Amino acid sequence: MPLATARVTTGRPARYVKQLVSHMGHKTTATLASDGRGTITVAAGTCTLTPAADRLELTATAVDAESLARVQDVITRHLVRFATREELAVQWTTPIDGGDLEPTAPVVEEYLLSHHTPTDDVLGELAIATREAAADAAHMQVSSDEGTLLTMLTRLTHARFAVEVGVFTGYSTLCVARGLAEGGRLLACDTSEEWTAIGRPYWERAGVADRIDLRIAPALQTLRTLGPEPVIDIAFIDADKDNYPAYYEEIVRRLRPGGLVVLDNVFLGGRVLDPAYQEGHHLAMRRLNDLITADERVDAVMLPVRDGITIARRR
């Protein structure tokens, strides 16, 4: 259970963050962001310190419970030591598992689904067909609000050439295709004839089938057939997570200035926030999230929409 938080009431939160980062930077890795947030890495764990108006918010993460306890102990001891003018109460929450996190509370989720442009019959019936055919796998389909976001972003970029990595039953494919400018084309990459076949009749009904070039082949193979010139206006990645870094690199180098790449599931159900999860796809997603943040080719924002969405714009 290697995640825990604490809220420390104080009128001097920014000062404590600076003191901790300055003092512990001699012994550990400690950084201070321009907005005043601090990050301190201790042993096999990390603590982020966020100053608010009347409190200091702490979030500790580690690879296991023992390491988490060590991080909490080190941060607590140093924080209390620096508090010479007041008595601080540092009370950590019970540790939780990252897989138990809910980025969007159910009541908020329902409100969001009720307050975006309503889907039409074609999208609604495709969603139903997916649930009936895919059962437990139906969660791989994007939600209706995310679909609306994809259509909106495609229109805002005046996209004429779009790329999708991961089609599933074609709901997101239809959303992107609808947003294309006149004469636009969507290169849709997937490896399943079975799942993509569910979406084809709905693409036809929506009048966008002629805009969609579906390639049944490994996506990296398809992407590498594209020329090196920046021709992609918008791309959506929602496929096997181990290959996200490779998909991102193949796409961003071909993204025109002002073009967008949108990546789904960057939270991995909350597990990407929890360093105790060390499987290949967890490591790949953490690596990619860090890479995008530092990538000087793009401006990026991560949004707490569904399972986390990153939108990166090519400079």
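Above this text is the structure in question.
Residues numbered from 1 in each chain as written. Predicted model: local features only at pLDDT ≥ 70, side-chain atom pairs only at ≥ 80, totals over all residues. Heavy atoms only, no water.

How would you explain the packing of aromatic side chains if you had to name every residue and give the values?
Under the defined criterion, the tally for this structure stands at one aromatic pair. Lying across the ring of Tyr16, Arg12 places its NZ or CZ 5.8 Å from the centre. (Phe/Tyr/Trp six-rings, centres within 6.5 Å; stacked < 30°, edge-to-face > 60°. Lys NZ or Arg CZ within 6 Å of the ring centre and 35° of its normal.)

Help me get a handle on the sheet that holds strand S8 (residues 212-216), residues and values and all.
The strands making up a sheet associate through hydrogen bonds between their backbones, and the pairing can be parallel or antiparallel. The strand order across the open sheet formed by seven strands is S8-S7-S6-S9-S10-S12-S11, and the pairing between neighbours is mixed. Only two strands of the sheet have a single neighbouring strand rather than two, namely S8 and strand S11 (298-303). Adjacent strand axes in the sheet meet at a mean angle of 15° when their direction is disregarded. Here strand S10 (residues 255-264) pairs with strand S12 (residues 309-314) via five bridges, running antiparallel. Across the sheet, residue Val261 finds its bridge partner in S12, namely Ala312. The sheet contacts of helix H7 (residues 193-206) involve strand S7 (185-190) and S8, and relative to S8 the element is tilted by about 170°. (Pairing = 2+ DSSP bridges. Helix = DSSP H or I, 4+ residues; strand = E, 2+ residues; numbered from the N terminus. Axes fitted to C-alpha atoms, helices over the stretch in contact; angles between N-to-C directions. Contact = heavy atoms within 4.5 Å.)

Report on the pattern of salt bridges, specifying residues and quantitative values.
Oppositely charged side chains can pair when the atoms bearing their charge come close. According to the stated counting rule, one finds 20 salt bridges in the structure shown. Across the pair Glu66 and Arg70 runs a salt bridge, and its minimum N-O distance is 3.8 Å. Of this pair, Glu66 and Arg70 both sit in helix H2 (residues 65-82), four residues apart, which is roughly one turn of that helix. Given the relative accessible area of 59%, Glu66 is considered exposed. Looking at Arg70, the relative accessible area reads 36%, which means it is partly exposed. Two residues, Glu249 and Arg297, come together in a salt bridge whose shortest N-O distance is 3.0 Å. On the criterion of sequence distance, the pair formed by Glu249 in helix H9 (residues 244-252) and Arg297 in the loop between helix H10 (280-294) and S11 is long-range, its members being 48 residues apart. (Salt bridge = Lys/Arg side-chain N within 4 Å of Asp/Glu carboxyl O. Buried < 20%, exposed > 50% of the residue type's maximum accessible area, 1.4 Å probe, protein only.)

Tell me about the pairing of S12, and name the residues and values.
Within S12, five of the six residues are buried, which leaves it mostly tucked inside the rest of the structure. Bridge count for S11 against S12 is six bridges, and the pairing is antiparallel. In the strand pairing of S12, Val301 is matched with Ile311. Once S11 ends, the chain turns through five residues before running back antiparallel as S12, passing Arg306 with a positive phi of about 50°.

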